[in-house]
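Overview (structure and organization)
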Amino acid sequence: MLPAVNLRPAFNITRTSHVILTVADLRKSREFYTDVVGLVVSDEDENSCYLRGLAEACHHSLVLVQSQDGGKCRRIGFRVFFDEDLDIAYQYFRGRGLPAEWAEAPYQGRTLHVSDPIGTRIELCATMETRQRMYLHKEKHKGAYAQRLDHFQIHAPDTYALCAFYSELGFRNSEYLTHEDKLLGAFMYRKGTCLDLAIVPGLAPRLHHLAYTVPEAHDIFTGCDLAGIYGYPSSVERGPGRHGPGGMLFVYLIDPDGHRVELFNSHYQTIDIEIEPVRWDAATLSTNVRWGLPALARWYSVATEFEGVPLTEPVEKPNPETLESYIRKREEAAQG
Ligand SMILES: [Fe+2]
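An account of the accompanying structure is given in this report. These figures come from a predicted structure and were not determined experimentally. (Residues numbered from 1 in each chain as written. Predicted model: local features only at pLDDT ≥ 70, side-chain atom pairs only at ≥ 80, totals over all residues. Heavy atoms only, no water.)

**As for the nonpolar core**
Grouped together as the largest cluster of nonpolar side chains are 64 residues, with contacts concentrated most on Tyr33, Ile76, Leu124, Tyr166 and Leu207. The contact partners of Tyr33, leaving out residues within four places of it in the chain, are Leu21, Gly38, Leu39, Leu51, Leu62, Leu64, Asp255, His259 and Val261. Counting residues in hydrophobic clusters, the runner-up holds 12 residues, among them Leu177, Ala211, Met248 and Tyr252. (Core = buried A, V, L, I, M, F, W, Y, C linked by side-chain atoms within 4.5 Å. Buried < 20%, exposed > 50% of the residue type's maximum accessible area, 1.4 Å probe, protein only. Contact = heavy atoms within 4.5 Å.)

Structure (structure tokens):
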């Protein structure tokens, strides 16, 4: 059901690292990510703001860039372990006819821009400048106390095909979602927890969400409270709830430009070689486990496009149960 994983990949991607998002109003977005999410600013200038979580020592996990075309993703970033992994990655992508270009990025070491086969724009680096971890500086904590960037969820026209590409790069599935032998969700990791990259079907390439961990379950509710207090009450899009796959408590917030950010209370560990992926059947699962309502239709259909990358329709249009279809069914049942 799942593609074979190359456990000795050509080069070593170690983890989800950072994401670069364009925003229409830098001041407003900075406030959202500091006051509601709880990130701290590492550096900023007139056009960009570099933020990190309270437990992060590396310079940035989120880069906001002022742009008239706000609401796009420039790149999602992964780390590789050694600098020479970048040279191997360059050859690897070029050898497969995929884009690979060297780039300059502030506060980072050597940086490589690549695209996967569906056009997802990716930035790879081995090093960044470091800053003090802020988790003990309680006097400076705000928002939901976001600790570290954990994973991305992206759309793909064909989940299996893209899962196979990342499996060759050493990504393993912690859990996966199927329906009638079709792979609908691949929850893949490199760093030894449940996720670095989730792949789901849809108009692609698009970034569905980025996800930060929070230390306590109640911090998820604090994030919701502060979203309301700071003027973003409708930004609480889905949850709080508990996922089936992964089992964690979550909420999804929509930032001022429509980018989706998940806050959740961390994961189990998946390092060992004998760990097998957990299979979920979409027919028996709304992605909430046992309680809670299905997500709004927009949670499935709306996502952040990559700047300048054309979109491809999914091979098969997803047809998940949504809050709207769930309510319709209940009303029809009540009317007999
Ligand atoms: Fe997520």
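**A short note on helix α3 (residues 159–168)**
Thr159, Leu162, Cys163, Phe165, Tyr166 and Ser167 are the residues of α3 that are buried. In this structure, the buried residues of α3 make contact with α2 (83–95), β8 (121–125), β9 (148–156), β10 (172–179), β11 (182–189) and β12 (197–201). In this structure Asp158 caps α3, since a side-chain oxygen of it lies 3.0 Å from the backbone nitrogen of Tyr160. Gly170 sits one or two positions beyond α3 and adopts a positive phi of about 95°. (Helix = DSSP H or I, 4+ residues; strand = E, 2+ residues; numbered from the N terminus. Polar contact = N/O pair within 3.5 Å; in protein donor to acceptor, adjacent residues only side chain to side chain.)

**Focus: the coordination of the iron ion**
Donor atoms from the polypeptide that bind the iron ion are His151 (NE2), His209 (NE2) and Glu262 (OE), placed at 2.0 to 2.1 Å. One chain supplies every donor to the iron ion, and in sequence these donors are spaced H-x57-H-x52-E. Note that His209 is positioned in strand β13 (residues 206–213) and Glu262 in strand β16 (residues 260–264), a separation of 53 residues in sequence. Of the two residues examined, His209 and Glu262, each falls in the buried class. (Donors = N, O, S within 2.8 Å, 3.2 Å for Na, K, Ca; no water.)

**Describing the side chain of Arg52**
If you trace the backbone, Arg52 turns up in strand β3 (residues 48–52). One buried charged residue, Arg52, forms no salt bridge at all, with the nearest opposite charge on Glu56 at 6.7 Å. In this structure the side chain of Arg52 is engaged in a polar contact, spanning 2.8 Å, whose partner is the side chain of Ser42. A polar side-chain atom of Arg52 sits 3.4 Å from the main-chain carbonyl oxygen of Glu56. In contact with Arg52, not counting residues within four places along its chain, are Leu39, Val40, Val41, Ser42, Cys58, His59, His60, Ser61, Arg131, Gln132 and Met134. (Lys, Arg positive; Asp, Glu negative; His and termini not counted. Salt bridge = Lys/Arg side-chain N within 4 Å of Asp/Glu carboxyl O.)

**Some points on the layout of surface pockets**
Its volume calculated, the second largest pocket comes out at about 270 Å³. Lining the second largest pocket are 17 residues, with Ile20, Val63, Val65, Arg74 and Glu123 sitting closest to its centre. (1 Å grid on protein atoms, 1.4 Å probe; cavity = no way out; pocket = protein on both sides within 12 Å on 5 of 7 lines; lining within 4 Å. Points joined across faces, edges and corners; volume = space filled by probe spheres on them.)

**Points about the sheet that holds β3**
With respect to topology, eight strands assemble into an open sheet ordered β2-β3-β4-β1-β5-β8-β7-β6, the strand pairing being mixed. Only two strands of the sheet have a single partner each, and these edge strands are β2 (40–44) and β6 (100–103). Geometrically, the sheet is characterised by an average inter-axis angle of 25° between neighbouring strands, direction not taken into account. Sheet topology places strand β7 (residues 111–115) next to β8; five bridges connect them, and they run antiparallel. Bridge pairing in β8 links Thr111 to Cys125. Where helix α1 (residues 26–37) meets the sheet, it contacts β1 (13–23), β2, β3 and β4 (62–66), and its direction lies at approximately 160° from that of β4. (Pairing = 2+ DSSP bridges. Axes fitted to C-alpha atoms, helices over the stretch in contact; angles between N-to-C directions.)

**Looking at the pattern of salt bridges**
Scanning the model with the defined rule gives 17 salt bridges in all. Note that Asp35 and Lys142 form a salt bridge whose closest N and O atoms lie 2.9 Å from each other. Here the residue Asp35 occupies a position in helix α1, and Lys142 occupies one in the loop between β8 and β9, the gap between them amounting to 107 residues. Residue Asp35 is classed as buried on the basis of its relative accessible area, which comes to 14%. Since its relative accessible area comes to 40%, Lys142 is described here as partly exposed. A salt bridge links Lys182 to Glu316; its shortest N-O distance comes to 3.8 Å.

**Observations concerning the environment of Arg298**
As for its placement among the helices and strands, Arg298 is situated in helix α5 (residues 297–301). In this structure, the C-alpha to C-alpha distance between Arg298 and Tyr268, residues 30 residues apart in sequence, is 29 Å.

**Some remarks on the packing of aromatic side chains**
Applying the stated criterion across every chain yields a total of 16 aromatic pairs. On the basis of an interplanar angle of 75° and a centroid distance of 4.8 Å, the ring pair of Phe81 and Phe82 is categorised as edge-to-face. For Phe82, a relative accessible area of 45% gives the class partly exposed. Aromatic side chains Phe250 and Tyr252 sit 5.3 Å apart centroid to centroid with 55° between the ring planes, which places their arrangement in the tilted category. The same class applies to Phe250 as to Tyr252, namely buried. Taken together, Phe11, Phe78, Tyr92, Phe93, Phe152, Phe165, Tyr166 and Phe171 form an aromatic cluster joined through their ring pairs. Taking the ring centre of Tyr92 as reference, the NZ or CZ of Arg96 above it sits at 3.5 Å. For Arg238, the ring lying beneath its charged end belongs to Trp299, and the centroid distance is 4.4 Å. (Phe/Tyr/Trp six-rings, centres within 6.5 Å; stacked < 30°, edge-to-face > 60°. Lys NZ or Arg CZ within 6 Å of the ring centre and 35° of its normal.)

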